[in-house]
Amino acid sequence: MTRVDPQIEAAAAQRLTADEERITGQARRRATLSLRAAWREFWRHPSPPMITIALAVAVLGRVLVGAGSAWELLVPATLLALFPLIEWVVHVAVLHWKPRRVGPITIDSHLAQEHRAHHADPRDLPLVFIPWRALLWLLPAFAVAGFAVAGLATDGPVLAVGSSWAWTFLVSAYAIMLGYEWTHYLVHSDYKPRSRWYRSVWRNHRLHHYKNEHYWFAVVTAGTADRVLGTYPEPSSVASSPTVKALHVAGRD
């Protein structure tokens with residue numbers, strides 16, 4: 001394994017600290033966290049164990065249905081290819097949903113409410129994770145969708161629980177979800193990124209939370225979809241938003 005020159009690593013750490021102070025406009029409130037400590041903290045929150053249990057069930061189900069086709073590799077490949085776009089759309093359309101009134105009813109979701117709280121205090125770690133109450137329906141919804149699509153594709157039962165393709169989809173979807181949770185948590189923790197890829201992810205998401213909430217919607221894909229969809233400007237060309245920590249405050253957006 002190639003060792004990183006300590007001087008280069010120290011210089012990168014200094015640049016990272018300077019970036020954080022410039023982006024957030026505040027001094028760090030907590031000491032730098034080791035990756036091991038971050039890993040331990042990650043599992044203290046409800047979301048990672050819940051997704052892991054769902055993933056383990058999906059892996060067991062995939063094993064029990066037996067051998068499938070090599071074409072099933074298209075399932076994780078397609079999900080990974082589409083994930084930057086999926087991530088962007090969910091962040092913009094679901095998490096940044098602006099409450100709307102239809103007569104006496106206000107249309108708003110628990111996910112959007114939690115995300116507004118997350119923007120209000122990006123360092124509140126419990127708010128970083130997918131709400132456990134949302135996972136209670138979201139995880140089963142993935143299963144129902146996967147089995148239903150498999151049933152339609154094979155002209156079989158309504159829910160094709162014996163489909164190896166459906167189980168492969170679930171394994172892929174839950175694994176991607178767990179990877180998302182880990183990366184998002186790590187960005188908001190006090191672990192300082194070392195790899196070039198992670199530094200770009202870290203910087204991108206910090207800009208979204210501390211500079212302007214209308215840009216840099218990618219969380220774990222380093223701005224891939226943002227570049228395509230026009231939400232990846234040069235930071236110096238964008239004004240700091242007065243509502244970056246107060247999404248959809250009446251009269252301000």
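In what follows, the accompanying structure is described.

How each quantity is defined
- Residues numbered from 1 in each chain as written.
- Predicted model: local features only at pLDDT ≥ 70, side-chain atom pairs only at ≥ 80, totals over all residues.
- Heavy atoms only, no water.
- Helix = DSSP H or I, 4+ residues; strand = E, 2+ residues; numbered from the N terminus.
- Buried < 20%, exposed > 50% of the residue type's maximum accessible area, 1.4 Å probe, protein only.
- Contact = heavy atoms within 4.5 Å.
- Areas by Shrake-Rupley, 256 points an atom, 1.4 Å probe, with all protein chains shown as cover.
- Arc of directions from axis to C-beta.
- Core = buried A, V, L, I, M, F, W, Y, C linked by side-chain atoms within 4.5 Å.
- Axes fitted to C-alpha atoms, helices over the stretch in contact; angles between N-to-C directions.
- Parallel < 35°, antiparallel > 145°, perpendicular 65-115°, else oblique.
- Left-handed = near helix turned anticlockwise from the far one by under 90°.
- Nonpolar A, V, L, I, M, F, W, Y, C, P; charged D, E, K, R; others polar.

### Overview of the overall build of the chain
Here is step 1 of the chain: Counting its regular elements, the chain contains nine helices and two strands.
Here is step 2 of the chain: Overall, the chain shows an N-to-C arrangement of helices and strands of α-α-α-α-β-β-α-α-α-α-α.
Here is step 3 of the chain: In the chain, which comprises 253 residues, the proportion classed as buried is 42%.
Here is step 4 of the chain: A separation threshold of at least 6 residues defines the contact pool for the chain, and within that pool the share at least 24 residues apart is 67%.
Here is step 5 of the chain: Accessible surface computed for the chain: about 14,100 Å², of which carbon and sulfur atoms make up 65%.

### Re helix α5 (residues 110–120)
Along an α-helix, a turn takes 3.6 residues, which lines up residues three or four apart on a common side.
Here is step 1 of the chain: For α5, the complete set of buried residues consists of L111, A112, H115, R116, H118 and H119. Along the long axis of α5, the arc covered by the buried residues comes to 155 degrees, so they all point the same way.
Here is step 2 of the chain: Looking at the buried positions of α5, the neighbouring elements they touch are α4 (74–95), α6 (132–154), α7 (164–188) and α8 (196–210).

### A closer look at the environment of H118
Here is step 1 of the chain: Structurally, H118 is set in helix α5.
Here is step 2 of the chain: Using a relative accessible area of 1% as the deciding quantity, one classes H118 as buried.
Here is step 3 of the chain: C-alpha of H118 to C-alpha of F129: the two residues are 11 residues apart in sequence and 9.3 Å apart in space.
Here is step 4 of the chain: Setting aside anything within four residues of it in sequence, one finds H118 in contact with L127, V128, H184, H188, H205 and H209.

### Details of the nonpolar core
Here is step 1 of the chain: Ranked by size, the top nonpolar core spans 35 residues in total, and within it Y174 and Y185 carry the most contacts.
Here is step 2 of the chain: Those elements that place two or more of their residues in this core are α2 (35–42), α3 (47–64), α6, α7 and α8.
Here is step 3 of the chain: Broken down by element, the residue count for this core peaks at 10 residues, all from α7.
Here is step 4 of the chain: If near-sequence neighbours (up to four positions away) are discounted, Y185 is found in contact with L33, A38, E41, F42, L125, V128 and F129.
Here is step 5 of the chain: Listed in part, the seven residues of the second largest apolar core include V75, L79, F83 and V219.

### Quick look at the packing of α4 against α7
Angle between the axes and distance between the axes: these two values describe a pair of packed helices.
Here is step 1 of the chain: Across the interface, α4 lies against α7 with an axial gap of 10 Å and an inter-helix angle of 40 degrees. By the criterion of interaxial angle, the relationship of α4 to α7 is oblique. Here α4 and α7 pass one another in a crossing that is right-handed. Counting all contacts with α4, which are made through V75, P76, L79, L80, F83 and E87, the residues of α7 involved are W165, T168, F169, S172, A173, I176 and Y180.
Here is step 2 of the chain: Among the residues forming the contact of α4 with α7, the class breakdown is 10 nonpolar, two polar and one charged.

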